[in-house]
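Residues per chain, in single letters:
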Amino acid sequence: MEPDSPHLRGCLVVFEGIDGTGKSTQIKLLADYLRSQGKEVITDYEPTRGEWGMKVRNAALSGERLGIEEEINCLLQDRREHVRELIEPALERGAWVLLDRYYLSMMAYQGATGVNVEDIREMNEEFATIPDVAFWLDIPVELAMERMNARGNGKDAFENESFLQACSDIYSSMEMPWLFRIEADGTIDEVHAKVRDIIHSEL
Ligand code: TYD
């Protein structure tokens, strides 16, 4: 788990999956664990709360998404700023960066709207740092919907069953050497143990 470049560059670890899979819980547990090992850890999420990310969030909360072109442009602009202002500087100084969603979300969510998934990957990898490890927390869509309903804080325009099934299908079709699928319908501790095993074996 030691950063292996001569400049002690940090590691970028991304958590992905449809809503209700437990990404934020797992990020917190991994952050606590890494900090207990003396590492500097930054946790963050996308879309950010910056100008561009908020445009997408506010539209989704109002129940109506932006047009797909505007949505993609806002999300790319949001990610560009995030990479430049937070992610890269943290990695450069040797910190671990744990992200709740990154460009695989765009492949899944905007891909599920009909945009070519490989094109989305390319437009992101032009500027976005490639993760060292990404976890796809996979649970059946019905279970994710149940969890969201139990949370009771209302659904946004992305959160309906057939759309999330399409997103899930795209996640399952992704093949990157740094992407790991984790069955996330076990207990919080079971999922965390799997996350830790992969971190130990890969980084
Ligand atoms: P979400 O993780 O649900 O935020 P929160 O838990 O704070 O409400 O993210 C909001 C939505 O943004 C989510 O439904 C997926 C969507 N999204 C995209 O469509 N494309 C992207 O590139 C990203 C990062 C998110």
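For the structure, check the block above.
Okay, so let's go over this structure. (Residues numbered from 1 in each chain as written. Predicted model: local features only at pLDDT ≥ 70, side-chain atom pairs only at ≥ 80, totals over all residues. Heavy atoms only, no water.)

1. Some remarks on the packing of helix α2 (residues 51-61) against helix α3 (residues 68-92)
(1) Moving on: Taken N-terminus to C-terminus, the directions of α2 and α3 make an angle of 145°; their axes are 7 Å apart at the nearest point. Read as a crossing pair, α2 and α3 show a hand that is left-handed. Contacts between α2 and α3 pair Trp52, Gly53, Lys55 and Val56 from the former with Glu70, Glu71, Cys74, Leu75, Gln77, Asp78 and Glu81 from the latter.
(2) Moving on: For the contact of α2 with α3, the class distribution of residues is four nonpolar, two polar and five charged. (Axes fitted to C-alpha atoms, helices over the stretch in contact; angles between N-to-C directions. Helix = DSSP H or I, 4+ residues; strand = E, 2+ residues; numbered from the N terminus. Left-handed = near helix turned anticlockwise from the far one by under 90°. Contact = heavy atoms within 4.5 Å. Nonpolar A, V, L, I, M, F, W, Y, C, P; charged D, E, K, R; others polar.)

2. Focus on the packing of helix α1 (residues 23-36) against helix α8 (residues 188-202)
(1) Moving on: α8 packs onto α1 with a crossing angle of 55° between their chain directions and a minimal axis gap of 10 Å. Regarding the angle of α1 to α8, the classification is oblique. Crossing angle aside, the handedness with which α1 passes α8 is right-handed. Contacts between α1 and α8 involve Thr25, Gln26, Leu29, Leu30 and Tyr33 from the former and Ile188, Val191, His192, Val195, Arg196, Ile199 and His200 from the latter.
(2) Moving on: Along the lines of polarity and charge, the residues of the contact of α1 with α8 split into seven nonpolar, four polar and one charged. (Parallel < 35°, antiparallel > 145°, perpendicular 65-115°, else oblique.)

3. Some points on the site of the ligand
(1) Moving on: Every residue close to the ligand is listed here: Asp19, Glu46, Pro47, Arg57, Leu75, Arg79, Arg101, Ser105, Met106, Tyr109, Gln110 and Phe158.
(2) Moving on: The side chain of arginine 57 places a nitrogen or oxygen atom 3.0 Å from an oxygen atom of the ligand.
(3) Moving on: Contact distances for the ligand include 2.8 Å between a nitrogen atom and a side-chain N or O atom of glutamine 110.
(4) Moving on: Computed on the free molecule, the ligand has an accessible area of 550 Å², of which 81% lies beneath the protein chains in the complex.
(5) Moving on: Elements supplying a minimum of two residues to the shell around the ligand: α3 and α4 (103-109).
(6) Moving on: For the shell around the ligand, the leading source of residues is α4, giving three residues. (Near = heavy atom within 4 Å. Polar contact = N/O pair within 3.5 Å; in protein donor to acceptor, adjacent residues only side chain to side chain. Areas by Shrake-Rupley, 256 points an atom, 1.4 Å probe, with all protein chains shown as cover.)

4. A closer look at α1
(1) Moving on: Counted at 1.5 Å a residue, the expected span for α1 with its 14 residues is 20 Å, and the 20 Å between its end C-alpha atoms agrees.
(2) Moving on: Every buried residue belonging to α1 is among Lys23, Gln26, Ile27, Leu30, Ala31, Tyr33 and Leu34, and all of these are buried. End-on view of α1: buried residues confined to an arc of 165°, all on one side of the axis. Counted as exposed and oriented over 90 degrees from the buried face of α1: Lys28 and Ser36. (Expected span 1.5 Å × (residues − 1). Buried < 20%, exposed > 50% of the residue type's maximum accessible area, 1.4 Å probe, protein only. Arc of directions from axis to C-beta.)

5. Details of unusual backbone geometry
(1) Moving on: Cis geometry marks the peptide bond from glutamate 46 to proline 47; its omega dihedral reads -5°.
(2) Moving on: Inspection of the secondary structure puts proline 47 in the loop between β2 (41-45) and α2.
(3) Moving on: We note that arginine 101 has phi near 80°; this positive angle belongs to a residue other than glycine.
(4) Moving on: Tracing the chain through its elements places arginine 101 in the loop between β3 (96-100) and α4.

6. What about the packing of aromatic side chains?
(1) Moving on: What the rule picks out here adds up to six aromatic pairs.
(2) Moving on: Ring centres of phenylalanine 15 and phenylalanine 135 lie 5.1 Å apart, and the angle between their planes is 45°; this geometry places the pair in the tilted category. Taken together, the residues phenylalanine 15 in strand β1 (residues 12-16) and phenylalanine 135 in strand β4 (residues 133-138) connect sequence positions 120 residues apart. Per residue, the accessibility class of phenylalanine 15 equals that of phenylalanine 135, and both read buried.
(3) Moving on: Centroid distance tyrosine 109 to phenylalanine 158: 5.7 Å. Interplanar angle 75°. Geometry classified as edge-to-face. With tyrosine 109 in helix α4 and phenylalanine 158 in the loop between α6 (141-151) and α7 (161-173), this residue pair connects regions lying 49 residues apart in the sequence.
(4) Moving on: In this structure tyrosine 109 comes out as buried when scored by relative accessible area, which is 5%.
(5) Moving on: Grouped by ring-pair contacts, the aromatic residues Tyr109, Phe158 and Phe163 constitute a single cluster. (Phe/Tyr/Trp six-rings, centres within 6.5 Å; stacked < 30°, edge-to-face > 60°.)

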